[in-house]
Structures are given as C-alpha cells and as structure tokens.
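Summary of structural features
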Number of protein chains: 4
Amino acid sequence: MKVAFTSDNIAGASDSVMAAIIAANQGDTMPYGNDDYTAQVTSMFAELFECDVDVFLVSTGTAANVLSLSAMTPPWGSVLCHSESHLLNDESSAPEFYTNGARLIGIEGADAKIDPIALKHSIHQKLGDVHSCQPSAVSISQVTEVGSLYSLGEIRAITDVAKSMNLPVHMDGARFANALVSLGCTPAEMTWKAGVDILSFGATKNGVMAAEAIVVFNKSLAKDLGFLRKRGGHLHSKMRLLASQMIAYLTDELWRINAEHANSMMALLQDGLKTVPGVTINTPAQANMLFCTLPTPMIEHLLAGGYAFYTGRWAEGVIRLVTSFRTPKEGVEAFIESARNFAEKNV
Amino acid sequence: MKVAFTSDNIAGASDSVMAAIIAANQGDTMPYGNDDYTAQVTSMFAELFECDVDVFLVSTGTAANVLSLSAMTPPWGSVLCHSESHLLNDESSAPEFYTNGARLIGIEGADAKIDPIALKHSIHQKLGDVHSCQPSAVSISQVTEVGSLYSLGEIRAITDVAKSMNLPVHMDGARFANALVSLGCTPAEMTWKAGVDILSFGATKNGVMAAEAIVVFNKSLAKDLGFLRKRGGHLHSKMRLLASQMIAYLTDELWRINAEHANSMMALLQDGLKTVPGVTINTPAQANMLFCTLPTPMIEHLLAGGYAFYTGRWAEGVIRLVTSFRTPKEGVEAFIESARNFAEKNV
Amino acid sequence: MKVAFTSDNIAGASDSVMAAIIAANQGDTMPYGNDDYTAQVTSMFAELFECDVDVFLVSTGTAANVLSLSAMTPPWGSVLCHSESHLLNDESSAPEFYTNGARLIGIEGADAKIDPIALKHSIHQKLGDVHSCQPSAVSISQVTEVGSLYSLGEIRAITDVAKSMNLPVHMDGARFANALVSLGCTPAEMTWKAGVDILSFGATKNGVMAAEAIVVFNKSLAKDLGFLRKRGGHLHSKMRLLASQMIAYLTDELWRINAEHANSMMALLQDGLKTVPGVTINTPAQANMLFCTLPTPMIEHLLAGGYAFYTGRWAEGVIRLVTSFRTPKEGVEAFIESARNFAEKNV
Amino acid sequence: MKVAFTSDNIAGASDSVMAAIIAANQGDTMPYGNDDYTAQVTSMFAELFECDVDVFLVSTGTAANVLSLSAMTPPWGSVLCHSESHLLNDESSAPEFYTNGARLIGIEGADAKIDPIALKHSIHQKLGDVHSCQPSAVSISQVTEVGSLYSLGEIRAITDVAKSMNLPVHMDGARFANALVSLGCTPAEMTWKAGVDILSFGATKNGVMAAEAIVVFNKSLAKDLGFLRKRGGHLHSKMRLLASQMIAYLTDELWRINAEHANSMMALLQDGLKTVPGVTINTPAQANMLFCTLPTPMIEHLLAGGYAFYTGRWAEGVIRLVTSFRTPKEGVEAFIESARNFAEKNV
C-alpha cells in the first residue's frame, strides 16, 4: 500500500466535519457571522481555553497569521520571528501587505526555535530611533517548521523577553493540536498562561476543509480585527460554512483524536526510520513532521515506489515527511519496510 | 408559511454542490490548486465562455472584486464605478487596500447604471496631470445594486468609452447568472464580446457555499493575479473545497436552473406587489432583487408577521426584497397576500 | 507693467528668509532636527499659538497634509473634507498612500465650505458597520479652495459636529496667514480654541522657499508622527534649511506683513474688477484668491497682453487670480485698466 | 582647533550653492518643475552621464532611494541589497512603504559589498513560487556603508548576475562623487556602462543643502516616477530651490572639487591614524568614511577633547569618522596628534 507524506494539507476533512457542513446547509441563516453557529464557536473556544476570548474565523492560515500581525504592529514596526519561520518564508509578502509595510526580522535559534537571548539582543537595538524599524511584536510557531516543539518553559522564556518590552506575542498554531497533544498540557497552558496574546488556531491541516480561527486572549488587540478582516476580503457571507467545520472540529475532541493519530503515525515512522541503515534524523520529530536525510538512491527508490514527499528543496538528501489524521498505519509500515529493504541491499 | 427576502446570501447551497464537496473529500489531493479539480474548473469556464480564460478561485466576493481591480490599476489611478455600487459602498476600504491606494470615483446614472456620457466626461479630466488620480479602469455591476440590468448595448456603450482611453473593464458579477438568464444571451455575449476584460463570477449567492471565480478574458491582466491572490491570503490549500463547488455549479447548468428559479420568484413577487394598493415599485426588478416603497404601517405589519427583509437603510418606507434559488413559491404568495390584506384594511 | 496671478507659489521667498538660510549655512549642525534651529522653531510656534505644541517640519504642503491625516485615521476609516478640497482634488492619491488606504469623502457646502448639517448626516451613517469606511477625521481648508473663509463660528460648527463623534479635526492652512489677517483673530482662536487638533501651517506660498509645519495641538496625535515622517522620506538631514526659513518667517511677523500685502492687493484687484463691465465675481475673495467670470474675448485679450492666470480648468469664462507677498500694486492696477479698456470697447 | 567627524551631513552647503539659491529667488517661476532651472538640470545630467536620462529631483536621500525602488519592483517582489546597507538599516520601513510591501533581502559579502555568488544563489531560489517573494531588483551602495568601494569590475559582476535574471539595478549614490573621484573613472563608466539602471545621485552630503536626483538610465523605468513622486509628497512647488542647488553643484565641477577635498582629508586622516599605536583600521577607507577601532580610553580622551564622531553603535571600541567638503586640514592633523599623544602616554 502506497502513501503520501507530502503535507498534512493533502488530506481532506474528517467525516464529522463533512456531516456538519451538510447539516448547516439547511435553512436560512443571517450572513457575515451574525448567526448561531458563529456564536457557538466563540463559546466553545472560551471553554476550550478557559477564558473569555474574541474569535475571528477565516478560511486560510495565511489570513489568520497576517491578520493577527496586523493587529499588533504599526507600519514602522518589526515583527520578530524565527529566520526559518513559515511567516518569513512561505507567505509571500502578505505580512508586509497586511501590516502596511512593517518588517519581519528573522531571529536565529536551534531547531527553528527563537533563541531568547538573540531575541533580547535584537529587541533592544535602536529603540526610539526613527531611522530603524521599531520592535513591535514577536511571533513563534508551535509546532515549528522543522517539526520541533517549544516546551512551556521555552514559550515563557520568549514571552518574558517580549513582555519586558511590552511587545505582544503571536503564536502560529497551524499545527496547534499536534503540539498540544505532544506536550500533554492544556490549551490555556500553551497559550495565554504562557504569555501568548493572539493565536492562529489551525484546523485545516488537522481534519477540516478550510477553517482557521484567530483567537485573541489579549482583548485590547481585538478591537480592529473585524474591520481588518473585512478590508482583507476575509469576511465570509455564508459564515456557517466555516463555523460548522470548527464546531465539528471542537466537538468530542475531534482535534485531539486527529492529532493523536497523526503524531502516533509519525512516532511509528520515526522509530522505524531510526533503525534503517543510512537514515539520519535531522531534528527529532515531536509532533507530526520529520526532517531526515537519506542516501539519494534511497530517495529515488522510494519515489519510484510511489511514495510521495518533498525533497530537493533543502540540502542534498534531506526529505520532509508529514503525517496526518488520515495517514494509514499500513502505509507507514510499508514505507519503512521499503526503505529498509533498499538499505539492506545497497548501503 | 413565512419566508425571508433579506438577501440571497442567507440560503445555503444546492444539494448537488454539497454532494460534490463530500465526493471531493475522498483521498489525497495536492494543495494550492495543483489538482485535477481546479484544472477542470478552468476547462469548464473556457467552454462556458467559448474562449481561453485564466481562472482564479477565491472564497469571497470581496476578494474577487478587489483582486480584479488590483490587476487593473496603478496606485495613483482611479477606478470609475457607479456611485451606488457595492464596490464603493459595501467593501470597506478593501479596494484601496488591494490597489495600494487607488481611488474609486463614483459616476452617476439612472437605475444604478453608469451614464456613458458622464463616464466619458470624467475620464477626460486632467489626463497626465500628476496632481490628479489618473483614470485607470472601469467597473460595472451586472445585476446592479438596485436590481436593474445593463442591456448588451448599454454594456458596450460603457466599454466603448473605456476602450477609447485604453482602460480595462471589470464586471462585478455577484449575480451574474441572474443577469444572464434575464437577458437571455450567452455568457460570452455579456462579457468579452461586449468588451469586458475581467469578471467576478459570483456563485455564492446562487447556490454554492463559498466560491467565486475571477475569470480573466484579457490574459495580459492575469500574469500578476497568482501573486496578488497569495499576498492577499486568498490561496486556499485545500482548493478542492472551492473547485468542487464550482464544478457542481457549472454542471448540468445548475447556475441557470438556480437563477431562473430566483428570477421567476421575483417576477411573481413583483407582479403581485404591483397590484397591492400603496406599494410603489422604485426600480423595476429585472433579475432577483427589488426596491419598492411601502407605507410604514404595512412594513411593520409584514415584519411582525414574520417576514424578513431589509428596511430603514434608505429613504422612509423603502424596502429591499431578494429572492434566491431556494425561495418557495408559497412564501412569495403568502407575502403578497399579507401585504394585500393589510392594504385592503388600511390604505 | 505685466504681472502673473497664476498662483502664490510662483513667487520666490522674502529677503529675510534668504538671509536666514545663508546665515544658517555657517558651521556644523547635528542632522535630522537635533539642532538649535529646530528647537527654536518649536518655541516660536508655542508662543505664536499660546500653547504647548508638537511641531514637525517638512518641505511640501502635500507632505504636511497627508502626514497629518495619517496620524488621525485607521486604514478602514474615512476623512471627511469638502468635495472641492485640495486634498481630494490635487494631491494625487497621496492621502490614500499615507493613510494606508483610508478614503476621502467629499461633503458639499456653499463657497467650498463644509456644510455642518451635511457633515453630521454623513458622519452618522453605518457606524460600526465593517462593510463601510468608518468616519475617522474631518479636514477643512482655511483659506478654502475658492478663496472664501470660514468664520470662527463656522469653524466651531464643524468641529462641534466632529467632537460629538470623537473625530479629530485637521486644518489645511496652506494659506493660513492670509486667512488669519483677514479674520483679524489670533492664531489660537482660529485653531485649537476653535477645536482644531492638527494644523498644516503653510509658509511656502507666503514668502518662504519650501517649509511647512505640522503643528499638533492635540498631543496624543503626535506620538507617531516622527516615525511617519521618516517612513515617508520627509525627514531632512540638514534640517536647518527648513528651520531657518521658518524662523525668519515667524520673526518680526513676516508672515503677517506678507499676508497683509497679498490680501490688500487682492482687495484692490477685486474692487477694481467689480467695476469692470462684463466681469462677474463668482465667490467674493476674502483673502488672496479670487474666482471670477469674464467674457472669453476679454480673457484672450488679457492673456495676449502678457498677464498670466489659470483658465480653461473650470466652466467657460472662469479664471482664477491669486496675489502674493510680492505682487506689485502697479501690476494690479494695470491689469484692471487693461480689462476695463477692453470692456469699454467691446462689451 | 576642534573638528567633527560625525557625518558629512553636519556641514552646510558650498558658497556657490547658496549664491545660486539667492539668484534663483528673483522673479516669478512656474511651479512643480515646469521651469527653466529644472530643464537645465536634466541637460546637465545628460552631459555629465553622456546619455539621455530622465531626472527627478527630490529633497532627501531616503526619497531618492525608495522612489527608485518603487519603480523597480512589484509588491510581492524582493530587492536584494547588502545586509549592512543603509537601505536595510537606516530608512525605517520606507522601502516597504514606497514599494507597497516588497521585501528587502540582505545579501552577505565582505566590506559591505554584495558577494555576486551569494547574490546569484539567492536570486535563483523559488522562482515563480507564489509563496515566496520574487527577486525583482538589486541595489548596491557606492560608497558602501563601511567606506569601501566597488571597483568597476565588481559592479559589473553584480549587474551581470542581475541582468541574467532580467533584474534592474539601483545604485545608492549618497556619496556618488566621493566614489567617482576615488575610482578616477567617468560617471558613465560607474553607472549605465557598468549596468546600473537607476541612480540615487546624492548631493546633500557633498555640499548642497537638500537636493538629490533620481537619474534614470533605463528609461522604461521612468514612466511612473512622476506619479510616484507626487504620491509620496515629494514634488516641490518651488522646484527652483532644488534645481538651483543642483545646477550649482554640477557647475565647474563643484561636485568633484568638494569630493576630492573630503577624500584627501580622509586619506590624511587614515594615513595618520595608521601610525598611531593601538589604532586598528577595520576597513580601509577608499573615499571619505573610515571605520576603525581604538582603545576605549583613547576614545574617551578624544571625545573629552572636543572631537565629535559616532561610537557605541557597533562593537566595543569601533568608531566611525567621516570627512566632508569643509573638513579643515588643521582639524584632521590636530585629531591625529591628539590620538598620538594619548597613545604615547598610555598604550
């Protein structure tokens, strides 16, 4: 059995999500979020995060991220993020667009996690100098872009630096659920209790079709987001499409079940690959994404065998493997087996 | 039986659209439009419009409109549209945002249709003068915001003026299908054959959940749209959600069937109201939207009776009625009956 | 003797201004406004306006106007100004650029002065509606674009409406001194005492080469302007060039002397033209600018005679005449005489 | 005698420049560059550069730089410049503002000069990928920000890489004259003959008050600049102020005389400091700017002695020294002497 590890956005949505969309299709509903579905989503998030929150639904992760930033920085500000972050590398110039020209500053740090000392150093440069972009916000990715995780203490180390300079903190949670189940903490602990002000709560990669939530813990940052969302063309008229997906995703802990499956498939995959001669784990996968290095012939063998994954985008031999809520166990085992077979014959 | 005439965005989607979403949910699909569904959509549009087209799917009408504009004007340009247009009145400052600061210029004209002579006058002012926004594009709404239609000749009169100054023309087709079935012409005749360069092809208001297409006839205007869409955060990862809806909408002329129903319900409604004492038709409805004026007590009576529609936004007594692909005939008849009963007792 | 009434920007600068530039050229001075000249300018403005002010020097009137707006409105806001205002008609899309896409809304009113009732009506529409640009600031021109003036009571009527909705008020004072000497009030009375929050204090048209001041009375609006000015490329390194001009302009009431000359020349011109058969005064000139209507042959006669002024930009026969601090009395008299001679022979 | 080496923007302007401003102040002149002075400037640049050019005068270097960029890149593009460039470090977010959100990408290279191999590597990444900012233009500084120079061959190596990908090249010539006299080549050789498309021709730092020219060699890039300049608020009404300065600067090779003085003073300074024990030259000065490292007590001694220069902005002990057209030889000698005296007693 063949399987694709290309990304978690190649899978569709969970059955209960699709059922919820169908159910929400019945009857008339007021547009633009003035409906019961949307109100219910906000309530469910308040319960999930154990606090009062403002919620803005959008249909893409880019929108969630850049709208969040736009609520946090003036146009002459800078947003400090990791140099390998999705925000800096994979969102075109959407961050500049939505912030009216603020600048992303890439901070270094091992495993695609911001080094708090480097952050502190950067934040203190040229304060108040009109010639320099002024540090205005910090953004971290949880799960990171290389598949690692910030521990709660590591998040706090970042937000402490930010708070010392009164900078708000954004979390790009495109794979929020995968991080959460891996850390085994509560949603509150990984966010506002750790100093996060705004969260891009991703759902699309973990079992919905297209629904993301901007969850605002620091409510002073929420007042403009309704206007900003409309201005960006991201206010859906039939909001029930987004809201119904999110309700299903938050019901009966679908988010948890899906993430646990994806993570456990990755654990299986990683454990297997570790035992394959010639395979090097680049960064230990803590959630559902793994970067590892394989001999080029092994990569070619796997691709020829019908397995799909990204390669050729990084250093020689580096591949990225991502598991999803739908990844079949048999597919993972077959992949490992295929790699092992090749290794035993060739390495 | 009670019914809402609030807007055509309060209805959900046609059954075949929902079935298509469910079907598209199966299996893995490459993201960001690199999939067979999206390719099929482009083919279907080429067939529908009888010409080669570039197609960009987005999930909101605002996005379709303002991305279209952003491909047509420099930041120091102006986009000429009707002073009552949706673009000028109901999109926040999204047009300015996406065009990097170009200006909308409202042109007058009866029935919310641009007067070509007023357009010509406006276009010729201060050409080449760096102190003035330079006319750069023209945008018309078909159906207009008051429920009227441009005839093919009227479209051509506008585009002739535009072409004489080398200005591209955009059509806001949020209710494209409703206009088309009313005019009884081909999609090609109402667009590129009449001089339209880019079309916002609306589907959301006529039976899909959230899918709009930017259809580019003048392909020189298409080259930047992929970048502009991503920059705006409007590139969906699971594009199949949008593409499957649009495929269903274009299959077996669902768009036509839905629009014909909505229009025929409006015809029934308008014909009935014309015979109700005290009711004045403001602008004859040519598609599925009607503005009329009722005695205030009659409005209160209808609202109290459970009928829904917008009022209080315009002059005293003005109400807007919109029918959709789902509007029940019984509901229309009951509404007329209720108005008539009130009139007979009170007017 | 022939003379040009084209604009008050065709004259150069007063001698004392040029002398001040020369004097300021001596020695080394710290850049970017960190110099004694700039500090002195702020002190002089505080004295002139009898209150604490923040001052930002720039070299063009466009910069002063649009930077002022940028401190007052969010990108989804609207700035209400007269439909004939310079801001709306002669600044390209600089207002949209600097405000990151806010919209100018033209309000009607006689003599190019905003009608407070029309303003109030406009301000109250669609408040809080994310689909509509939200009224965010008001801007008035004093002198107006047709040469009229707001009385102190008329200014207060505008600012009262604005304040009732918590909107800040900007005054485009490109011809501030001309207005002031005409009204015979104090600078404080015409600005902050009348409810003005930010003033574009023009000097370029009244005897300096290139220096304008953004004078901020409502200091909460000043905090971002240093960053906004730099971001716009309007922070001069050799600020002494601007500051020395402004010091000379504020010294020994040069601004008053220059404005009184310009205004008295206009009074002479207007009084003379009133007695010329065939000449119609369109709007009575209250400062140094006059719109009047002449028979076309008379216009041709004057132009052929070497007099310069703008015509052909407005209705048939309308001309604009502007006097400056340098306009010679003999030139004014000769112009009237030439018009009269022509009228007596031809009208 | 004490002297300041803080920057070349602390000096005023040459006497002939001031005299030219005074002379230009006579009489009436049409505004906005529609005058003989401005026409003469364009002619003089055509002669200086031995080719047809379009010229846009502005009053700040920031404006010259960012307006140049705005003519070269779409909003989703990136401008490749050195990571230590002024553009990236000292212009706030003006580059993002004027380019509507394009991104600056810092490229490494010794002596603040872009490494062409690193440039080539960066340019070829993710071409056509809508998720990534697309390389759109290259900008180099001549003189660089550490006082080094690109040789003609080094410029060509950069522009060759750029041209191979059809990217236009901008030169930030804030200290253009200083570079030119040091290389001993013609203006044409250092610009369009070496592949430069647009030049920020700096004059402010080398003897004028406030005048910079955007000189466009690749005229296809010039068509929008008039609109862009106005939109930015950088079109002066009394353009004669800028034009007269530039005419004086270009007359009788004032630019050369001033630059030769500044450079020779730097040569004297550098030669002297090389012989002072404890002083390290960081980057050999090739024009009029030098970075060197001194023992901290020596820095304190010099500052206490009344000498001015920037320190504390870089690594421990690093100071920046800049000479200007006005730097007195006696001041340079005294500075060296003071350093030497201290060194002999203390090091």
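Residues numbered from 1 in each chain as written. Chains lettered and ligands numbered in written order. Predicted model: local features only at pLDDT ≥ 70, side-chain atom pairs only at ≥ 80, totals over all residues. Heavy atoms only, no water.

Moving on: the domain arrangement of chain A. Residues and elements named next belong to chain A. The domain boundaries assigned to chain A delineate domain 1 (15-253) and domain 2 (254-346). Just the C-alpha atoms count here: the centres of domain 1 and domain 2 sit 28 Å apart. On the domain 2 side, the residues contacting the 25 residues of domain 1 number 20 residues. Buried area between domain 1 and domain 2, summed over both chains or domains, comes out near 1,900 Å², and the portion from carbon and sulfur atoms is 56%. Among the ionic pairs, R256 bridges to E253, the shortest N-O distance being 3.1 Å. If you look at where domain 1 meets domain 2, you find 13 residue pairs in polar contact (both at pLDDT 80 or more). For the side of domain 1 that touches domain 2, the element with the most residues is helix 8 (residues 176-183), which contributes five residues. (Domains from an automatic or database assignment. Contact = heavy atoms within 4.5 Å. Buried area = accessible area lost by both parts, 1.4 Å probe. Salt bridge = Lys/Arg side-chain N within 4 Å of Asp/Glu carboxyl O. Polar contact = N/O pair within 3.5 Å; in protein donor to acceptor, adjacent residues only side chain to side chain. Helix = DSSP H or I, 4+ residues; strand = E, 2+ residues; numbered from the N terminus.)

What follows deals with the interface of chain C and chain A. The interface of chain C with chain A comprises 16 residues on the first partner and 16 residues on the second. Contact with chain A buries surface across chain C, with C:W76, C:V130 and C:F227 losing the most and accounting together for 45% of the total. Inspection of the chain C/chain A interface yields zero salt bridges. In this assembly, chain C and chain A are joined by two residue pairs in polar contact (both at pLDDT 80 or more). Per-element accounting of the side of chain C that touches chain A gives the leading share, five residues, to helix 10 (residues 225-231) of chain C. Residue composition of the side of chain C that touches chain A, grouped by class: seven nonpolar, five polar and four charged. (Nonpolar A, V, L, I, M, F, W, Y, C, P; charged D, E, K, R; others polar.)

The next thing to look at is the interface of chain A and chain B. Each partner contributes residues to the interface: chain A has 50 residues there, and chain B has 50 residues. Here chain A packs against chain B, burying approximately 4,100 Å² in sum over the two surfaces, 57% of which is carbon and sulfur. One can count two salt bridges joining chain A with chain B. One salt bridge in this structure joins A:E91 and B:K230, with 3.7 Å as the shortest N-O distance. The interface formed by chain A and chain B holds 33 residue pairs in polar contact (both at pLDDT 80 or more) in total. Looking at the side of chain A that touches chain B, the elements that each hand over two or more residues are helix 1 (15-24), helix 3 (61-70), helix 5 (94-98), helix 10 (225-231) and helix 11 (240-250) of chain A. Looking at the side of chain A that touches chain B element by element, the count peaks at four residues for helix 1 of chain A. Tallied by class, the residues present in the side of chain A that touches chain B amount to 20 nonpolar, 20 polar and 10 charged.

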